[in-house]
Amino acid sequence: MTTAPGTTTPAATAWDYAPAPERVPVTIADSYGHFIDGAFTPAGKTMPTLNPATEETLSDVTVGSEADVDRAVQAARKALPAWSALPGAERGKYLYRIARRIQERARELAVLETMDGGKPIKESRDVDVPIVAHHFFYHAGWADKLKYAFAGATPSPVGVCGQIIPWNFPLLMAAWKIAPALACGNTVVIKPAETTPLSLLRLAEIFEEVGLPKGVVNVITGDRDTGGALAQHPGLDKIAFTGSTAVGKKLAKVAAERNIPITLELGGKSPNIVFEDGAIDQAIEGVVRGIYFNQGHVCCAGSRLFVQESIHDEVVRRLTHRMKSLRVGDPLDKNTDVGAINSREQLDRIEAYLGTADSEGAQRHACSSTGTPGGKGYWCEPTFFTGVQEAHTLAREEVFGPVLAVMTFRTPEEALMRANNTPYGLSAGVWTDKGAKIFSVATKLKAGVVWCNTFNNFDPAAPFGGYRESGFGREGGVQGLRAYVKL
Ligand code: NAD
Ligand code: MN
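Worth saying up front: this structure is predicted, and the values here are computed from it rather than measured. (Residues numbered from 1 in each chain as written. Chains lettered and ligands numbered in written order. Predicted model: local features only at pLDDT ≥ 70, side-chain atom pairs only at ≥ 80, totals over all residues. Heavy atoms only, no water.)

Counting buried positions along strand β11 (residues 238-242) gives 5 out of 5 residues, so the element sits mostly inside the fold. The sheet contact formed by strand β8 (residues 160-164) and β11 spans 4 bridges and is parallel. If you follow C161 over to β11, its bridge partner there is K238. Both β11 and strand β12 (residues 262-265) contribute to a ladder of 4 bridges, which runs parallel. Residue pairing in the sheet places A240 in a bridge with T263 of β12. For the handedness criterion, the β-α-β arrangement of β11, helix α9 (residues 245-258) and β12 is classed as right-handed. (Buried < 20%, exposed > 50% of the residue type's maximum accessible area, 1.4 Å probe, protein only. Helix = DSSP H or I, 4+ residues; strand = E, 2+ residues; numbered from the N terminus. Pairing = 2+ DSSP bridges. Right-handed = clockwise from strand over helix to strand, strands pointing away.)

This is the structure:
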């Protein structure tokens, strides 16, 4: 266990919880191939996927080659005419069956998601998997009503969609991309991230179980080269990507050269603005949920906290107090709030940012009730910094870890100016007792999603997406359908 320089709050020792591990057994094969044309292929050249809490290899998954990608795209192409010609109500039935089967296998999917990615079971069980099922239900409802979604226009499918997703919400990002694509009559080739392929492979089993026609969804596992091969495949009619801004920019170039549509959901440096008239404890809860749950591996994480100057000390005091009850540790334990960092690489990135913040002169505060577990696994104690200046790296760059920058403001105008002073624009939070202030501030925030007196709440019916370097296009809601139709 490393002890951070600066103020580190000692763990509470008076009493502790007994371990409460989730015990649903989940079988994981030694190795996996791809899911192409309705069947699993034999494993080829593989790479390991680890459990980041134990550093043990869970399975070896195939690194997709150009030839694998080509076969998957061909399968999606072959499946397209029949799938897109199916009446919407029939497509809807498949989506509905998928949603039901996800519910039936929910606990297994949650355990697998937690083992492969490191997020607490509380999150995968109560947040990720229910919203995944909800997304398929929601889009099942749209499949036969598309003509009402686009008044006066006749929607038709875009075609074969290449989808590339990240490791922070592996199953949820897959659902966000697959469900609207299928509802609109498209076929899909999707690639999960290197570190979290297992839940999507399990979803492919569900596609097989519900009899989804062959080739409608194909899953190709692999690394960035596999992703590159997919994005550059001439057989694609559309690209959808969620991940880092750097890769998103590369893919935008590929799509522009080929003149095909692309949607990008990239990083963020989202602000939470707490006014002195806001309900402080409620705000603290939202801030904690926004940056510490899921280890800060959230693209719309509220990583910058702007506090009105008059309540700064009180907010810091109560934030520290709340954080002292956060439990860091075994992601499969039902009492765990903060699980394992997804990979060694990501932990290294976060630690580099912590070092930079120290050297730039901000004050580090690391607090939890447990400290970080010793031994194996990748861990980072929930941390915030005070004394952060606008020019500090921590105020400008996405850390993608449980690290919060606390800053102050005096007037609503200053709060707005500073909150908008970022190349990103994914989400924002506003905490105030005054309805008029909510409207005046929320409408001037340059962010795709603005939460008022709450944070990180999701609904399949509400569109999600960014401004500026956070990307473009929306996922969810009637707006999210637009990316998957031609009018
Ligand atoms: P990444 O963007 O490199 O990876 C995301 C996905 O893209 C993965 O499936 C990966 O295999 C694939 N990929 C990588 N390079 C590619 C390429 N050249 N062509 C096609 N596909 C490619 O993200 P990362 O390296 O895992 O994480 C780096 C940073 O990205 C993180 O620190 C974080 O800031 C950010 N990130 C953001 C999100 C988000 O939801 N917005 C998610 C994950 C990571
Ligand atoms: Mn893994």
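What follows is about unusual backbone geometry. Even without glycine at this site, N259 takes up a positive phi of about 60°. Here N259 lies in the loop between α9 and β12. For N456, which is not a glycine, the phi torsion comes out positive at approximately 55°.

This part takes up the layout of surface pockets. There is about 1200 Å³ of room inside the largest pocket. Looking at the largest pocket, it is lined by 40 residues, and the ones nearest its centre are W167, R224, G243, S244 and V247. Elements represented by at least two residues in the lining of the largest pocket include exactly α8 (224-231), β11, α9 and α12 (344-359). Tallying contributions element by element places α9 first for the lining of the largest pocket, with 6 residues. Tallied by class, residues from the lining of the largest pocket come to 18 nonpolar, 13 polar and 9 charged. (1 Å grid on protein atoms, 1.4 Å probe; cavity = no way out; pocket = protein on both sides within 12 Å on 5 of 7 lines; lining within 4 Å. Points joined across faces, edges and corners; volume = space filled by probe spheres on them. Nonpolar A, V, L, I, M, F, W, Y, C, P; charged D, E, K, R; others polar.)

So, about the site of ligand 1. Inspection of the region around ligand 1 gives 27 residues, with W167, K191, S244, L266 and E398 positioned closest. Contact between ligand 1 and I165: an oxygen atom at 2.9 Å from a main-chain N or O atom of the residue. Interatomic distance of 3.3 Å between a side-chain N/O atom of Q346 and an oxygen atom of ligand 1. Within the complex, the protein chains bury 91% of what would otherwise be the 820 Å² of accessible surface of ligand 1. Here ligand 1 is seated within the largest pocket. By residue number, the principal contributor to the shell around ligand 1 is α8, which donates 3 residues. Partitioning the shell around ligand 1 into residue classes produces 12 nonpolar, 8 polar and 7 charged. (Near = heavy atom within 4 Å. Polar contact = N/O pair within 3.5 Å; in protein donor to acceptor, adjacent residues only side chain to side chain. Areas by Shrake-Rupley, 256 points an atom, 1.4 Å probe, with all protein chains shown as cover. Sits in = over half its atoms within 2 Å of the grid points.)

Looking at the assigned domains, one finds that the protein contains domain 1 (31-266 + 467-486) and domain 2 (271-452). The centre of domain 1, based on its C-alpha atoms, is set 30 Å off from the matching centre of domain 2. Summed over both sides, the interface between domain 1 and domain 2 buries roughly 2700 Å², with carbon and sulfur atoms accounting for 56% of that surface. Applying the counting rule to domain 1 against domain 2 returns 1 salt bridge. Across the salt bridge formed by D337 and K122, the nearest N and O atoms sit 2.5 Å from each other. Between the two partners, domain 1 and domain 2, sit 15 residue pairs in polar contact (both at pLDDT 80 or more). (Domains from an automatic or database assignment. Buried area = accessible area lost by both parts, 1.4 Å probe. Salt bridge = Lys/Arg side-chain N within 4 Å of Asp/Glu carboxyl O.)

Now for helix α7 (residues 198-209). End to end, α7 covers 17 Å across 12 residues, agreeing with the expected 16 Å (1.5 Å per residue, within 8%). In terms of burial, α7 is largely enclosed, as 9 of its 12 residues are buried. Downstream of α7 by a residue or two, G211 has a phi angle that is positive, lying close to 75°. (Expected span 1.5 Å × (residues − 1).)

The tally for this structure, following the rule as stated, stands at 11 aromatic pairs. Here the aromatic rings of W83 and Y94 are separated by 5.7 Å at their centres, their planes lie at 55°, and the arrangement is tilted. Taken as a pair, W83 in helix α1 (residues 66-85) and Y94 in helix α2 (residues 88-104) lie far apart in primary sequence, 11 residues in all. The residues W83 and Y94 share a single accessibility class, namely buried. (Phe/Tyr/Trp six-rings, centres within 6.5 Å; stacked < 30°, edge-to-face > 60°.)

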